[in-house]
Amino acid sequence: MSTENLPQSPQQPPRKPRVAVVFGGRSSEHGISVVTAGAVLRAIDRSKYDVLPIGITRDGRWALTADEPERMAITERRTPSVEELAESSEGGVVLPVDPANREVVYSEPGSVPKALGEVDVVFPVLHGPYGEDGTLQGLLELSGVPYVGAGVLASAVGQDKEYMKRVFTSFGLKVGPYVVIRPREWQRDESAARAKIVDFAGEHGWPLFVKPARAGSSIGITKVDDLSGLDEAIAEAQSHDPKILVEAALRGREIECGVLEFEDGPRASVPAEIPPPQEHAYYDFEAKYIDSTPGIVPAPLTPEETAEVQRLAVDAFDAASCEGLVRADFFLTEDGEFVINEINTLPGFTPISMYPQMWEKSGISYPELVSRLIEAALRRSTGLR
């Protein structure tokens with residue numbers, strides 16, 4: 001029997017890849033993560049991708065949020081929160097811990113769980129611990145869901161400033177003088193731990209920068225000009241992380257460079273310079289995000305200096321086994337040497353952040369940058385690679 005004249009069932013159009021944008025989180029950088037998510041949601045090409053926004057509250061609940069990026073902005077010098085955006089104060093989103101099943105489920109107390117569909121790739125825009133430090137990346141590896149950015153090891157190394165510096169040193173990258181105070185040292189003998197910092201100051205001079213070892217966005221950092229401010233700076237850093245890092249001040253220019261993973265490997269953007277902010281002691285959280293101190297893009301460097309910092313940025317990317325993206329921060333010292341300060345495996349990603357600005361000046365717009373990162377994640381498999 002011929003089937004030529006029988007009605008043909010219409011073919012279903014291919015499903016667009018679904019991107020879960022995960023943001024917020026338990027770290028002190030929660031608010032900036034929400035701002036970043038708003039920018040990413042605005043930029044994702046909806047003709048190519050479906051989007052599922054998932055916010056993580058400050059206490060760790062995974063919440064379903066509305067796709068309303070206009071509500072994810074800094075207003076009246078205040079950052080937004082997931083709690084303000086969540087569709088329910090009790091409902092929770094659950095990712096499957098099963099590589100054979102990528103379906104996300106939403107449930108509320110007393111209600112039947114509701115399937116939200118499969119997720120093809122996660123775009124995590126979490127900053128700091130419990131998101132940027134390898135913990136979320138490990139969960140996604142167990143789930144078999146591809147994700148944007150660095151893997152477990154690179155994320156952990158990029159979050160812990162002590163081990164980051166140790167890795168860089170082992171690969172021949174120059175870092176500035178620093179000393180670390182671990183929680184056990186402080187608990188065992190506070191006076192000895194404090195004396196360790198005082199001795200470091202005696203060797204390298206004041207001012208010092210006292211930092212949480214595993215935080216970002218310049219949160220918890222204090223510039224200490226003399227001994228009288230040391231105890232308060234230690235307490236401030238320890239309020240964010242029991243492990244603290246103390247760095248000697250380096251005299252020089254602050255230079256940043258972006259690295260992006262292309263099909264043929266990582267490439268560096270044009271670099272930027274962060275001029276000393278006029279109303280702040282240094283480039284702190286307020287200068288970065290509230291007062292939006294502008295950087296200079298591209299940085300006024302010689303062609304030789306530009307090529308050198310771009311090479312070093314890619315070297316740092318490779319040294320930490322990074323994937324996707326990195327912002328590498330350097331000091332160009334008075335004797336013309338580049339000293340690496342740190343990398344960010346998930347750098348500030350708002351439209352005013354330096355990473356997108358550097359790539360904009362390198363010929364890649366913010367929406368194209370977001371698409372490239374998603375495409376790079378979809379090209380990679382989870383697991384050992």
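As named in an unreviewed UniProt entry, the protein chain is D-alanine--D-alanine ligase, taken from Streptomyces doebereineriae. According to the UniProt record, the Subcellular location (unreviewed entry) comment for the protein chain reads "Cytoplasm".

**Student:** Before we go on, may I ask you to explain the pattern of salt bridges in this structure?
**Tutor:** One side chain can pair with another of opposite charge once the charged atoms of both are near each other. One pass over the full model with this rule turns up 29 salt bridges. Residue Glu 273 pairs with Arg 253 through a salt bridge whose shortest N-O separation is 2.8 Å. Taken as a pair, Glu 273 in strand 14 (residues 272-274) and Arg 253 in strand 12 (residues 252-262) lie far apart in primary sequence, 20 residues in all. Taking relative accessible area as the criterion, Glu 273 reaches 10% and is therefore assigned buried. Between Arg 379 and Glu 263 there is a salt bridge, with its nearest N and O atoms 3.8 Å apart. Of this pair, Arg 379 sits in helix 12 (residues 366-379) while Glu 263 sits in the loop between strand 12 and strand 13 (265-268), and the two are 116 residues apart along the sequence.

**Student:** Just to check I follow, could you spell out the environment of Pro 276 for this structure?
**Tutor:** For Pro 276, the location among the structural elements is in the loop between strand 14 and helix 9 (285-290). Sequence separation between Pro 276 and Gly 25 is 251 residues; the distance between their C-alpha atoms is 30 Å.

**Student:** Where do I start with the sheet that holds strand 10 (residues 222-224) in this structure?
**Tutor:** The strands that make up a sheet are held in pairs by hydrogen bonds between backbone atoms, and each pair lies either parallel or antiparallel. Strand order in the open sheet formed by four strands is 8-11-9-10, with antiparallel pairing between adjacent strands. Edge positions in the sheet fall to strand 8 (178-181) and strand 10, since each of these pairs with one other strand and no more. Put simply, the sheet's adjacent strands are angled 25 degrees from each other on average, direction ignored. Bridge count for strand 9 (residues 208-212) against strand 11 (residues 244-248) is five bridges, and the pairing is antiparallel. By the bridge assignment for strand 11, Leu 208 is matched with Ala 248.

**Student:** How should I be thinking about empty space enclosed by the protein in this particular structure?
**Tutor:** With a probe scaled to a water molecule rolled over the atoms, the places where space remains empty come into view. Going through the model one piece at a time under the given rule, you end up with three cavities of 30 Å³ or more. For the largest cavity, the calculated volume is near 60 Å³. As for the largest cavity, its lining consists of Pro 124, Leu 126, Gly 131, Glu 132, Gln 137, Val 148, Gly 149, Ala 150, Ser 155, Thr 345 and Leu 346. Here the lining of the largest cavity is built from residues that sort into five nonpolar, five polar and one charged.

**Student:** How should I be thinking about helix 3 (residues 135-143) in this particular structure?
**Tutor:** Helical geometry note: an α-helix holds 3.6 residues per turn, so side chains three or four residues apart project in the same direction. Within the span of helix 3, buried status applies to Leu 136, Gln 137, Leu 140, Glu 141 and Ser 143. One side of helix 3 carries all its buried residues, which in axial view fall inside an arc of 160 degrees. The inward-facing, buried residues of helix 3 contact strand 3 (62-64), strand 7 (121-124) and helix 4 (152-159). Phi turns positive one or two residues past the end of helix 3, at Gly 144, with a value near 75 degrees.

**Student:** Is there a simple way to explain the packing of aromatic side chains in this structure?
**Tutor:** For any two aromatic rings, the description comes down to two numbers: the centre-to-centre distance and the angle of the planes. Under the criterion given, the structure shown has five aromatic pairs. Between Phe 262 and Trp 359, the aromatic rings sit 6.0 Å apart at their centres with planes inclined by 55 degrees, giving tilted as the arrangement. Of this pair, Phe 262 sits in strand 12 while Trp 359 is found in helix 11 (residues 354-361), placing the two residues 97 residues apart along the sequence. Taken individually, Phe 262 and Trp 359 each receive the classification buried, so the pair is uniform in this respect. An angle of 80 degrees between the planes, with centres 6.2 Å apart, marks the rings of Phe 330 and Phe 338 as edge-to-face. With respect to class, Phe 330 is no different from Phe 338; both count as buried.

**Student:** Explain helix 10 (residues 303-319) to me, please; I cannot follow it from the model alone.
**Tutor:** Its 17 residues give helix 10 an end-to-end C-alpha distance of 24 Å, which sits within 8% of 24 Å, the value for a rise of 1.5 Å per residue. Restricting attention to buried positions, one finds in helix 10 the residues Thr 306, Val 309, Leu 312, Ala 313, Val 314, Ala 316, Phe 317 and Ala 319. As for helix 10, its buried residues are in contact with helix 5 (161-170), strand 12, strand 13, strand 15 (325-333) and strand 16 (338-344). Just downstream of helix 10, Ser 321 is the residue with a positive phi angle, here 60 degrees.

**Student:** Even after reading the chapter, I still don't get the sheet that holds strand 5 (residues 103-107), so can you show me in this structure?
**Tutor:** With antiparallel pairing, the three strands of this open sheet are ordered in space as 4-5-6. Two strands in the sheet have a free side with no partner beyond their single neighbour: strand 4 (92-94) and strand 6 (114-118). The mean angle between the axes of side-by-side strands here comes to 25 degrees, regardless of whether they run parallel or antiparallel. Sheet topology places strand 5 next to strand 6; four bridges connect them, and they run antiparallel. Bridging from a neighbouring strand, Val 104 pairs with Gly 117 of strand 6.

**Student:** Looking at this structure, I do not really get the pairing of strand 9. What am I missing?
**Tutor:** Within a regular strand, the side chains alternate between the two sheet faces. Among the five residues in strand 9, five count as buried, and that is most of the element. Neither face of strand 9 is exposed, since Leu 208, Val 210 and Pro 212 on one face and Phe 209 and Lys 211 on the opposite face are all buried. Summarising the sheet, strand 9 and strand 10 pair through three bridges and their orientation is antiparallel. Bridged to Phe 209 within strand 10 is Lys 223.

Calculation rules
- Residues numbered from 1 in each chain as written.
- Predicted model: local features only at pLDDT ≥ 70, side-chain atom pairs only at ≥ 80, totals over all residues.
- Heavy atoms only, no water.
- UniProt positions renumbered as here; feature names shortened; annotations may be inferred.
- Salt bridge = Lys/Arg side-chain N within 4 Å of Asp/Glu carboxyl O.
- Helix = DSSP H or I, 4+ residues; strand = E, 2+ residues; numbered from the N terminus.
- Buried < 20%, exposed > 50% of the residue type's maximum accessible area, 1.4 Å probe, protein only.
- Pairing = 2+ DSSP bridges.
- Axes fitted to C-alpha atoms, helices over the stretch in contact; angles between N-to-C directions.
- 1 Å grid on protein atoms, 1.4 Å probe; cavity = no way out; pocket = protein on both sides within 12 Å on 5 of 7 lines; lining within 4 Å.
- Points joined across faces, edges and corners; volume = space filled by probe spheres on them.
- Nonpolar A, V, L, I, M, F, W, Y, C, P; charged D, E, K, R; others polar.
- Arc of directions from axis to C-beta.
- Contact = heavy atoms within 4.5 Å.
- Phe/Tyr/Trp six-rings, centres within 6.5 Å; stacked < 30°, edge-to-face > 60°.
- Expected span 1.5 Å × (residues − 1).

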